[in-house]
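So you can see what is in the structure, the chains are spelled out below.
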Amino acid sequence: MLTRLTLTEARAGLAARKFSARDLAKAHLDAIDRLNPKLNAYITVLPEKDVLAAADAADARYANGTARAMEGLPVGVKDLFCTKGVKTTAASKILANFIPLYESTVTARLLDAGSVFVGKTNLDEFAMGSANITSAFGSVLNPWQRKGDEATALVPGGSSGGSAAAVAAGLALAATGTDTGGSIRQPAAFCGIVGLKPTYGRCSRWGTIAYASSLDQAGPMTRTVADAGLMLEAMAGFDEKDSTCSNRPVPAFAQAVGKSVKGLRVGIPAEYRAPGLSPEISAMWEQGIAWLRDAGCEIVDVSLPHTKYGLATYYIIAPAECSSNLARYDGIRFGVRKDAPTLDGVYELTRAEGFGEEVRNRILMGTYVLSAGYYDAYYLKAQKVRTLIKRDFVQAFEQVDVLLTPTAPSAAFAQGENADDPVQMYLNDIFTVPASMAGVPALSVPVGLDAKGLPLGLQIIGRHFDEETVLSVGGALEAAAGFAHTPTLHAEAGA
Amino acid sequence: MSLDLATTRRIAKLARIGLADAELETVRQKLDGILGWVDQLSEVDVEGVPPMVGTEMEALRQREDVVTDGNCQQAVLSCAPETSGPFYTVPKVVE
């Protein structure tokens, strides 16, 4: 049962000495041994002796009464967070041999809270993708399977697909993710777990490999909403090494879960009723509305008129920032280098061979929209539309406390689907991108299964720095939905 | 506007990504498709709307102008593919 626990249950079990942190760590390493060859959720599994040493240190703290908030809890770390002395690849060939000299602020905080890291989880290369099929170290398999069609391999979503698959399949109690346009929330929905993208600025970005700096935000991926609160509390907080990191106090997020939501106003944005939205997703959304109404919320129709421009705006701004951020991979100072007779030749060969196709295309797209003659028409224009998208949210939040929407327009799809047309693939993020553009917090909660037995998620979006209300409403939704399913491929399946 | 091959070649050069001619055409088509799709933004009226820079929730801070890090030359160099003494090495750039 150890790999099915929530963080909260495991913490209580450790405190009551029902099992040891060593037992917990061993159960997870064993699960990884058995299932990771199939799921490919981890790029790097930490050496057993290091994991067990960390677990033993946690047990010592439980014994002497100094256990911290995440003491002894096995956590997976997206391979985008730099971890000191542990290979950090961003799922790219160009960083295949990169061993950071420092620890990212978020992972340092998690370690300071007592977490036991078990490995570095797979992702789309440089966090660019919605299906976890662009990793240089192979695709991640979704542990869920379609009923009656177990042979079709499904994607876990992306970019934090390894983290989502690991948490869903019992290969970690929780994992870190990062979200630029939906990379925590969409894979959480596809894998039937909880994913929280905090407000931009809530978690430090220092030491997290950058994709689009004005959008990137780290967050927890967990089995319950309360766990997301607990883990965010450990991850968040001021860091002077990130100039965009907020110095607001970090609330006791976990305590927000279970609070009454009576009288809260929940907005339903008309523009999210996109044409072609699957009837099953529509029905699940209606069910979510009914659950929150029953919990005492007031349901209010609202409008976010610029929603339809979110994706196009994103696919100008994110590539532009990516082209700047990824300029550092030159084959000279770190990472992999391809030799050529000239310096420009080294750059061009290193970057052509080191980056995968999707990353190259986004760098090129970004270079184009930032280049002389096109900057105003594309980049500046997109930044202005972004202002309008953010205003939509600010105005909606004058009327309501949170918004409720679907997380993704479909359940998990098959590997190979949507792969040829980038625009089709980008449409996966249609419901998650607007909140990223505005910088507001958003949570995906698993609420049910579709007819094929695949999980579906609903998204709760809140005001800037009001993760607490988001978590309260998420808790109410979770309680009403009672989602207790686990995927076919699970550490304890059949056990 | 549609993207031509010469422009594609120029941005690949700017981005220092070496692409063979055959790859350039594939890239051109992909980017042209995306550019056609993002052109929908031209219908949005942004007259008088300021560009959004970051999320504008926090004011930029200043800190004391002091050294907070350093003295780790060897460690930093250890990440490089090729070094010579206390230097990174690159192909000769001066003829």
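Quick notes on the rules
- Residues numbered from 1 in each chain as written.
- Chains lettered and ligands numbered in written order.
- Predicted model: local features only at pLDDT ≥ 70, side-chain atom pairs only at ≥ 80, totals over all residues.
- Helix = DSSP H or I, 4+ residues; strand = E, 2+ residues; numbered from the N terminus.
- Rg over C-alpha atoms; globule rule 2.2 N^0.38 Å.
- Contact = placed C-beta atoms within 7 Å.
- Buried ≥ 20, exposed ≤ 12 C-beta atoms within 10 Å, placed from the backbone.
- UniProt positions renumbered as here; feature names shortened; annotations may be inferred.
- pLDDT = per-residue confidence, 0-100.
- Core = buried A, V, L, I, M, F, W, Y, C linked by C-beta atoms within 7 Å.
- Expected span 1.5 Å × (residues − 1).
- Nonpolar A, V, L, I, M, F, W, Y, C, P; charged D, E, K, R; others polar.
- Pairing = 2+ DSSP bridges.
- Axes fitted to C-alpha atoms, helices over the stretch in contact; angles between N-to-C directions.

Draft legend 1. A look at the overall build of chain A. When helices and strands are tallied, chain A shows 15 helices and 11 strands. For a compact globule of 495 residues, the expected C-alpha radius of gyration is about 23 Å, and chain A comes in at 21 Å, within 12% of that figure. Seen through its C-alpha atoms, chain A measures out along the principal axes to roughly 65 × 55 × 50 Å. Expressed as a percentage of contacts within chain A between residues at least 6 apart in sequence, the contacts between residues at least 24 apart total 78%.

Draft legend 2. Region of the structure containing the overall build of chain B. Along its length, chain B carries three helices and two strands. Overall, chain B shows an N-to-C arrangement of helices and strands of α-α-α-β-β. Relative to a compact globule of 95 residues, whose C-alpha radius of gyration would be 12 Å, chain B shows 22 Å and is clearly more extended. Counting only C-alpha atoms and orienting by the principal axes, one finds that chain B spans roughly 55 × 45 × 25 Å. Residue burial in chain B is summarised as follows: out of 95 residues, 17% are buried.

Draft legend 3. Broad picture of the UniProt feature "domain: Amidase" (unreviewed entry) in chain A. Under the present numbering, the feature "domain: Amidase" (unreviewed entry) in UniProt falls on residues 24-471 of chain A. For residues 24-471 of chain A, helix accounts for 37% and strand for 14%, while the C-alpha atoms at its two ends are 27 Å apart.

Draft legend 4. Inspection of the environment of A:Ala327 at higher detail. Topologically, A:Ala327 is positioned in the loop between α9 (310-325) and α10 (343-354). Distance in space between the C-alpha atoms of A:Ala327 and A:Tyr347 is 9.8 Å, their sequence separation being 20 residues.

Draft legend 5. Here's a closer look at the confidence of the model for chain B. When pLDDT is averaged along chain B, the result is 91, and 96% of the positions lie at 70 or above. Across the predicted assembly, pTM comes out at 0.97 and ipTM at 0.95.

Draft legend 6. How the structure looks around the nonpolar core. Among the nonpolar cores identified, the biggest contains 169 residues, and A:Val75, A:Val116, A:Ala165, A:Ile316, A:Leu364 and A:Ile460 are the most heavily contacted of them. Among all residues touching A:Ile460, those that are not within four sequence positions of it are A:Val402, A:Leu404, A:Ala442, A:Leu443, A:Val445, A:Val470, A:Val473, A:Gly474 and A:Leu477.

Draft legend 7. Layout of helix α2 (residues 21-38) of chain B. Counted at 1.5 Å a residue, the expected span for α2(B) with its 18 residues is 26 Å, and the 26 Å between its end C-alpha atoms agrees. Residues of α2(B) that are buried sit in contact with α9, α11 (357-370) and α13 (422-426) of chain A together with α1 (5-14) of chain B.

Draft legend 8. Representation of the interface of chain B and chain A in the model. Of the residues lining the interface, 41 residues belong to chain B; the matching set on chain A comes to 53 residues. Those elements giving two or more residues to the side of chain B that touches chain A turn out to be α1, α2 and α3 (73-77) of chain B. With seven residues, α2(B) is the largest single contributor of residues to the side of chain B that touches chain A. Here the residues of the side of chain B that touches chain A sort into 30 nonpolar, five polar and six charged.

Draft legend 9. Molecular detail of the environment of A:Cys245. Residue and element names in this part refer to chain A. Examined against the element boundaries, Cys245 turns out to sit in the loop between α7 (225-235) and β7 (265-269). Using a count of 22 C-beta atoms within 10 Å as the deciding quantity, one classes Cys245 as buried. Not counting residues within four places of it along the chain, the set of residues in contact with Cys245 comprises Gly201, Ser204, Phe238 and Asp239.

Draft legend 10. Quick look at the sheet that holds strand β2 (residues 74-78) of chain A. Residue and element names in this part refer to chain A. The strand order across the open sheet formed by 11 strands is β1-β3-β2-β4-β6-β5-β10-β11-β9-β7-β8, and the pairing between neighbours is mixed. Of all the strands in the sheet, the pair left with one neighbour each is β1 (42-45) and β8 (298-302). Averaged over all pairs of adjacent strands, the angle between strand axes in this sheet comes to 30°, irrespective of strand direction. Where β1 and strand β3 (residues 116-121) come together, three bridges link them in antiparallel fashion. Paired with Thr44 across the strands is Lys120, a residue of β3.

Draft legend 11. Layout of the UniProt feature "active site" (unreviewed entry) in chain A. Residue and element names in this part refer to chain A. As annotated by UniProt and renumbered to match this structure, "active site" (unreviewed entry) occupies Lys78, Ser159 and Ser183. In summary, the annotated positions, though distributed over 106 residues, converge in three dimensions, the widest C-alpha pair being only 11.2 Å. Structurally, Lys78 can be placed in strand β2. Of the residues examined, Lys78 has 33 C-beta atoms within 10 Å and is grouped as buried. In this structure, Ser183 sits in the loop between β4 (174-179) and α6 (185-191). You can call Ser183 buried: it has 37 C-beta atoms within 10 Å. When sequence neighbours within four positions are dropped, the list of residues in contact with Ser183 reads Ala127, Gly158, Ser159, Ser160, Gly177 and Thr178.

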